[in-house]
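# Observations on the three-dimensional arrangement
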Amino acid sequence: MSKQFRNMVQWLMPFRKWSWLIILIMVFCISLVWSWAQQLKPPPITRVDNVKEMIHGVEIVDPYRWLEDQESPETRAWIDAQNEYSHSLIDSLPTRQRISQRLTELMKVDKISIPRVRNGRYFLRKRAANQEQWIIYVREGLEGKDEVLIDPHPMSPDHTISVSLLDVSKDGTTMAYGIRQGGEDEIAVNLFDVDRRLDLPDRLPKARYFGVSIKPDNSGFYYTRHGTNGGRIYYHAMGTNPASDVEIFGKGYGPDKILFASVSEDGHYLIIHVLHGSAAQKTEIYYQDLVNKTPVVPIIKDIDATFFGEIADDKLFVQTNWKAPNGRILIVNLDNPARENWQEIIPESNAVIRGFSLAGGRLFVNYLEKVVSQVKVFEPNGEYVRSISFPTLGTVSSISGRWESNEAFFVYTSFHIPTTIYRYDVAKGTQQIWAQVDVPVNTDMFEVRQVWYNSKDGTKVPMFIVHAKGIKLDGSNPTLLTGYGGFNISRTPYFSATAVLWVENGGVFAMPNLRGGGEFGEDWHKAGMLEKKQNVFDDFIAAAEWLIDNNYTNPSKLAISGGSNGGLLVGAALTQRPELFQAVVCRYPLLDMIRYHKFLVARFWVSEYGSADDPEQFKYLYAYSPYHHVKKGTKYPAVLFITGDADTRVAPLHARKMTALLQSATASDRPVLLLYDTKSGHSGGQPLSKQIEDTTDQMSFLFWQLGM
């Protein structure tokens, strides 16, 4: 509104010889017309069907349960009406074209992935600036030319089919890749002959798979397929019918367990992990001697802790939080794997072990200390070799290499530093840039800070803040606050076109490290899960209050955004403290926490959230479930929900039901909108143009609501 007002005044300047009284009258009249034109038309009417049920003595009212039926004609008509309503408001916003132009500049750039090296061949994915999807390439030798192996563009006219690189055989002649439709979690698995550049007849039909691991002799591969009864590990012999694949492990495990298997680099062993949920507090590890054809036997089965192992030289290197909340690394001799023979080689420290990799006969351990990445290199016996240095405050991820090779690769990024891939010489300890994404951004204008604030219970929580240098702290800066807080996932600095756009337009971008994440080890994770989940929401709300109290912003200039578990986060924040925020973007969210576990793969998350089937867990789930705490007559912030049919992880019904409920309940004049895409989902896969369009929608909505 303010920009349009200024434009009207500028338009009237040539007529300044008129009396100011006439000019003011004209401006007032035009403003009235503009204000009338901008008044929101009401959202589509949604039928109310107040389903009532008693759960553990509590009456639950569910007025929009009929929207759970995704394929019913009534639901489909409702989705169409909501999309039409949302686009009628967002598509014509005056800032939209400029936002789209800048996002196109930031996102439409050449990109490249970290390579997988097999027998002198470098397998990687690239997406050129003028392409919609990533293409799988092979490079013969370090300085060779990149040659196309799999190009998904011809696979669909709208470019919604994407491909992923799953595994490559040790000799680099056989590759497994996945074909994904839209944003679905499910993929079809194809095998590819690299030398002859053609697909093999060995194909797995579309399903939910957890890993594919090819034997070094190319005779077959192992994979996990997750079905309604849970995960099962199979072996496929090359050249045979997949329908006859042999189930080798998984019987008795239910749909709440995640199983995956991999073959050791030398082909001697098969290692199997069983996770008791997505952010499991318990992991089991089994192994099988493939050379001597022994049965599958357990190494770790009865310990309530997390374990992750990799094999090299008949040794199993294991990262665990057993008796070490910040993590430590053990070594298990597979010739004698009894627990009394385990040895600790990397002890627990003040820094949290985020992960480890094996390359060049050494261990690369990725640490987080005060949410800042560090990588240290060790000998197999735990002897410290050196640390890897980085240019500034940022994140190191995806350390990749082979035990028998001298080279490793890692990815480095920060809020204002685009993805950079380094090649590392393990023996010499030297590194050089292997690939760098060239994005048109002036990194010198950004300031990245880390601050600490007190949460509701006094817990100190860190937060990254990004803004332009020299920003004025007068309490009026548009601020975008985002977070996650769950599943032991650490939120560290990362390059974001959204953050860059926001800061370039005078905004502040803030990301706190909430409890429930893994930034400070398992204790930090446990402090934000199950009955302690409210701590996560308290941390997030306290971050908003700190930004206001320290003159970064005010409630009329504060927006929040989150997706998936982060969608639950912002859903809880908007229902618990609606007066604190001006606008909310809620993507692919969990919102009905009483029924969430009944849909899709949500059984994976019961170990993190709990289940309403349990009377005690029902109490705390019901206490914060956003869908059950919408109060009619409350002045809610502007809300934009985003989901789609292809989200086969978090059921889109959450966003549908919450949209209807908030639209009927809110007493404010701010819009409650739903953008619902029939091909978008949790697992990405969107063509680049669609990514730009969707991000433009979100940013246009926020610019509109915060008056930017």
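We now turn to the structure provided with this report. (Residues numbered from 1 in each chain as written. Predicted model: local features only at pLDDT ≥ 70, side-chain atom pairs only at ≥ 80, totals over all residues. Heavy atoms only, no water.)

### Comments concerning the side chain of Ser 156
Relative to the assigned elements, Ser 156 resides in the loop between strand E7 (146–150) and strand E8 (161–168). Assessed through its relative accessible area of 7%, Ser 156 is described here as buried. Within the structure, the side chain of Ser 156 is placed 3.1 Å from the backbone nitrogen of Thr 160, a separation counted as a polar contact. (Helix = DSSP H or I, 4+ residues; strand = E, 2+ residues; numbered from the N terminus. Buried < 20%, exposed > 50% of the residue type's maximum accessible area, 1.4 Å probe, protein only. Polar contact = N/O pair within 3.5 Å; in protein donor to acceptor, adjacent residues only side chain to side chain.)

### Topic: the sheet that holds strand E22 (residues 343–346)
Reading across the sheet, the four strands line up as E19-E20-E21-E22 and stay open at both edges, with antiparallel pairing between neighbours. Sheet topology places strand E19 (307–312) and E22 at the edges, where each strand pairs with a single neighbour. The sheet shows a mean angle of 30° between the axes of neighbouring strands, taken without regard to direction. Strand direction decides the pairing type here: E19 and strand E20 (residues 315–320), joined by six bridges, are antiparallel. (Pairing = 2+ DSSP bridges. Axes fitted to C-alpha atoms, helices over the stretch in contact; angles between N-to-C directions.)

### A few points about helix H3 (residues 73–90)
The periodicity of an α-helix, 3.6 residues per turn, causes residues three or four places apart in sequence to face the same way. With 18 residues, H3 should cover 26 Å at 1.5 Å per step; its first-to-last C-alpha distance of 26 Å lies within 8% of that length. Those residues of H3 that fall on the buried side of the exposure criterion are Thr 75, Trp 78, Ile 79, Gln 82, Asn 83, Tyr 85, Ser 86, Leu 89 and Ile 90. Each buried residue of H3 lies within a common arc of 165° when the element is viewed along its axis, so the set occupies one face. Residues of H3 that are exposed and point over 90 degrees away from its buried face: Pro 73, Asp 80 and Glu 84. Buried positions along H3 lie against helix H4 (96–107), strand E37 (638–644), helix H11 (653–665), strand E38 (672–677) and helix H12 (688–706). (Expected span 1.5 Å × (residues − 1). Arc of directions from axis to C-beta. Contact = heavy atoms within 4.5 Å.)

### Some details on the environment of Asp 245
Structurally, Asp 245 is set in the loop between strand E13 (230–237) and strand E14 (246–249). The exposure class of Asp 245 is buried, given its relative accessible area of 11%. A sequence separation of 222 residues divides Asp 245 from His 467, and the C-alpha atoms of the two residues are 55 Å apart. Those residues in contact with Asp 245 that sit more than four places away from it in its chain are Leu 204, Tyr 223, Tyr 234, Tyr 235, His 236 and Thr 240. Of the polar contacts made by the side chain of Asp 245, one reaches the side chain of Tyr 223; its length is 2.7 Å.

### Regarding the packing of helix H5 (residues 497–504) against H12
For the pair H5 and H12, the least separation of the axes is 11 Å and the interaxial angle reads 30°. When the axes of H5 and H12 are compared, the pair comes out roughly parallel. Between H5 and H12 lies a crossing whose hand is right-handed. Of the residues in H12, those touching H5 at Thr 498, Leu 501 and Trp 502 are Thr 695, Met 699, Leu 702, Phe 703 and Leu 706. Partitioned by chemical class, the residues of the contact of H5 with H12 number six nonpolar, two polar and no charged. (Parallel < 35°, antiparallel > 145°, perpendicular 65-115°, else oblique. Left-handed = near helix turned anticlockwise from the far one by under 90°. Nonpolar A, V, L, I, M, F, W, Y, C, P; charged D, E, K, R; others polar.)

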